[in-house]
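Structural features, examined
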Amino acid sequence: MDNQEHKTIAYSEESYPPMPTKTTLFWRRFWPYQVWRWIVLNLKILRIVAGGHS
Amino acid sequence: MSKIVVLGAGISGHTASTWLRKKLSKKHEVIVVAPVTYYHWIPSNIWVGVGRMTPEQVRFKLEPRYKKVGIIFKQAKAVSIHPEGNKENKNSFVKIEYTGQNKTGQSELVDYDFLINATGPKLNFAGTEGLGPDKNTVSVCSYDHADHAWKKLQESLEKMEKGEKQKFLIGTGHPGATCQGAAFEYILNVHHEIARRNLQHLADIKWITNEFELGDFGMAGAYIKRGGYITSTKTFTESFLKERDITWIKQAGVKKVDKGKLYYELLDGSEHEETFDFAMLIPSFTGPGLKAFDKNDKDITSEVFAPNGFMKVDADYTKKPFEEWKASDWPETYQTPSYKNIFAAGIAFAPPHSISKPMFSPNGTAIFPAPPRTGMPSGVIGKVIAENLIEWIKKGDTSLKHRASMSKMGAACIVSAGFGHFKGGAATMTVFPIVQDWEKYPAYGRDIRYTVGEAGLAGHWLKWFMHYMFLHKAKGYPFWWLLPE
């Protein structure tokens, strides 16, 4: 996405949140890195499930 | 021989009944009472609502599944609970009314030794005038609602393809609604469908929510590590919307919906209107309207159920201000205090209070989300109740040593947008625990190592993986019991 397309209206609610840069968008879609994140997220969720009940 | 009756065949009830059947010998009866024909994997309704899946892909028939493993299935709705029996029947029993199996409308009394109430919520569209798929808005709360939403969405997309502008309003349709996560996922998917057709220039997409701040999701928001900071889910959520040119209205209690127009009150007490061409708004939830009677047929509904229709369990229901809420208020065993052989699982149990801070407008309107209890916590609660009953029945152990408090368990909320291996994206949020524990985690209310918020393809794959994994598990395919709840 080209961030330059967004028109910011100063002081509006929508003017405050952060916008992802091109680099951020690249990492979100760079599949080798996302495979790693998939493994990490799975491990975190498994830990959550295992630790959530006794 | 013990007879266990499970009311409901959603995530919690289905988990409980299948575990009970697996672990108990056939001399014990497991009976499921549910008014529906199908089990359905609710999180995938979102894909049905944008035409990327058919209802058939998110559901399967319950009766053959139960017949195969020896669970007795009665397609019926529970009408009343009689924990002490009555003059004619000394056993505890449930009165049911059939909705299928060629017995529609017939009543039956079903005796039980143990009862698990896992009825889920009633979608209270009547709580907001003009709300619901039969009236002026659509819903994604069930597969048939989602299928209807897709038909309506197609009408808007077709108009846009002819050059007509369309306004989309998605969010909560009641001042006390929950399930913001599902609505949030739907708005991202609607945006994706519009964007892939290159129709953004004709779309005005707006998020409307009863949250005090975006990212509350009925769990008082969360703190997450992101971009070198520990930040709030408010920033995370707003960023996701801003990236897509979606605007928002927060602190809004929707009170009435007409054709193409809704009316809402803000937390500051001001009244507003908003027009729309397409609106998907989540209703409030209530209990299913079950009644309870004692042995003299005296109505004891108010003793067994909270005013919202959900069943009272081992929670601390003492009224106290937000500042005094504790993690220990939340139930651990889901056993009812009045009747030790009755348990309430998943959405059916009455929470001690909300997780989000109660907020009231100057007019006295309560505008804040109810606590979410779907998915992972529902499955875990269903399993824990089953494990305790298995030990009770097999060993006579009534200590209920298996515990699962929402203030000690985590949950994952994956908001996936798009379809296909590389074209999707997702916001993945995990929280641990679900209910903040400010005594144990004074800095952020939760364990920051396992409270995560990140965007990317990984979450999208995870959502796909979960769709197939949990349907595999629910269908009882090989090694289903190895898969987590």
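Just so you know, these numbers come straight off a predicted model, no measurement behind them.

Focus on the overall build of chain A
In terms of regular secondary structure, chain A is built from two helices and zero strands. Counting over 54 residues, chain A shows a buried share of 15%.

Thoughts on the overall build of chain B
Helix and strand content of chain B: nine helices and 24 strands. Taken over C-alpha atoms, the radius of gyration comes to 22 Å for chain B, in line with the 23 Å a tight globule of 485 residues would show. By the burial criterion, 54% of the 485 residues in chain B qualify as buried. Restricting to contacts in chain B with at least 6 residues of sequence separation, those with at least 24 account for 67%.

Quick look at the nonpolar core
Core analysis: the largest hydrophobic core is formed by 146 residues, its most contacted members being B:V33, B:V94, B:I116 and B:A345. In this structure, B:A345 is in contact with B:S12, B:G13, B:A16, B:I116, B:A118, B:Y334, B:I381, B:G382 and B:I385, ignoring residues within four places of it in sequence.

What to know about the confidence of the model for chain B
Residues with a pLDDT of 70 or more make up 100% of chain B, whose mean pLDDT is 95. For this predicted complex, the interface confidence score (ipTM) comes to 0.87, while the overall pTM stands at 0.94.

Some thoughts on the interface of chain A and chain B
Where interface size is quoted, it is often the accessible area lost as the parts come together. At the interface, 24 residues of chain A touch 34 residues of chain B. When contributions to the side of chain A that touches chain B are tallied by element, the ones reaching two or more residues are helix 1 (22-29) and helix 2 (31-51) of chain A.

Remarks on the sheet that holds strand 11 (residues 203-208) of chain B
Residues and elements named next belong to chain B. If you walk across this open sheet you meet the four strands as 14-11-10-18, and the pairing is parallel. Of all strands in the sheet, those bounded by a partner on one side alone are strand 14 (247-249) and strand 18 (278-282). The mean angle between the axes of side-by-side strands here comes to 15 degrees, regardless of whether they run parallel or antiparallel. The sheet contact formed by strand 10 (residues 166-172) and strand 18 spans five bridges and is parallel. From the neighbouring strand, F168 faces strand 18, where its bridge partner is F278.

Focus: the sheet that holds strand 16 (residues 261-266) of chain B
All names here are of chain B. A sheet is described by the order of its strands in space; here three strands give the open sequence 15-16-17, paired in antiparallel fashion. Because the sheet does not close on itself, it has two edges, and the strands there are strand 15 (252-258) and strand 17 (271-275). On average, each strand axis in the sheet is inclined to that of its neighbour by 25 degrees, with strand direction left out of account. For strand 15 and strand 16, the ladder comprises six bridges, and the chain directions are antiparallel. Residue pairing across strands places A252 opposite L266, the latter belonging to strand 16.

Some remarks on unusual backbone geometry
All names here are of chain B. Note the cis peptide between F432 and P433, where omega equals -5 degrees. For P433, the location among the structural elements is in the loop between strand 23 (425-431) and strand 24 (452-455). Notably, Y334 is not glycine yet its phi reads approximately 70 degrees, a positive angle.

Overview of the environment of B:I434
Residues and elements named next belong to chain B. Within the element layout of this structure, I434 appears in the loop between strand 23 and strand 24. Given 27 C-beta atoms within a 10 Å radius, I434 is considered buried. For I434, the contacting residues outside a window of four places in its chain are M219, P377, M406, M409, G410 and A411.

So, helix 4 (residues 143-161) of chain B
Residues and elements named next belong to chain B. Taking 1.5 Å per residue as the helical rise, helix 4 with its 19 residues ought to reach 27 Å, and the 26 Å between its terminal C-alpha atoms agrees with that figure. Within helix 4 the residues assigned to the buried category are Y143, H145, A146, D147, A149, W150, L153, S156, L157 and M160. G163 sits one or two positions beyond helix 4 and adopts a positive phi of about 95 degrees.

A short note on the packing of helix 2 of chain A against helix 9 (residues 457-474) of chain B
The contact between helix 2 of chain A and helix 9 of chain B brings their axes to 8 Å, and the two run at 55 degrees. The angle between the axes of helix 2 of chain A and helix 9 of chain B places the two elements in the oblique class. Along this stretch, helix 2 of chain A crosses helix 9 of chain B, giving a crossing that reads as right-handed. Contact with helix 2 of chain A, carried on its side by A:W31, A:Q34, A:R37, A:W38 and A:L41, involves B:L457, B:A458, B:G459, B:W461 and B:L462 of helix 9 of chain B and no other residues of that element. Residue composition of the contact of helix 2 of chain A with helix 9 of chain B, grouped by class: seven nonpolar, two polar and one charged.

The rules behind each value
- Residues numbered from 1 in each chain as written.
- Chains lettered and ligands numbered in written order.
- Predicted model: local features only at pLDDT ≥ 70, side-chain atom pairs only at ≥ 80, totals over all residues.
- Helix = DSSP H or I, 4+ residues; strand = E, 2+ residues; numbered from the N terminus.
- Buried ≥ 20, exposed ≤ 12 C-beta atoms within 10 Å, placed from the backbone.
- Rg over C-alpha atoms; globule rule 2.2 N^0.38 Å.
- Contact = placed C-beta atoms within 7 Å.
- Core = buried A, V, L, I, M, F, W, Y, C linked by C-beta atoms within 7 Å.
- pLDDT = per-residue confidence, 0-100.
- Pairing = 2+ DSSP bridges.
- Axes fitted to C-alpha atoms, helices over the stretch in contact; angles between N-to-C directions.
- Expected span 1.5 Å × (residues − 1).
- Parallel < 35°, antiparallel > 145°, perpendicular 65-115°, else oblique.
- Left-handed = near helix turned anticlockwise from the far one by under 90°.
- Nonpolar A, V, L, I, M, F, W, Y, C, P; charged D, E, K, R; others polar.

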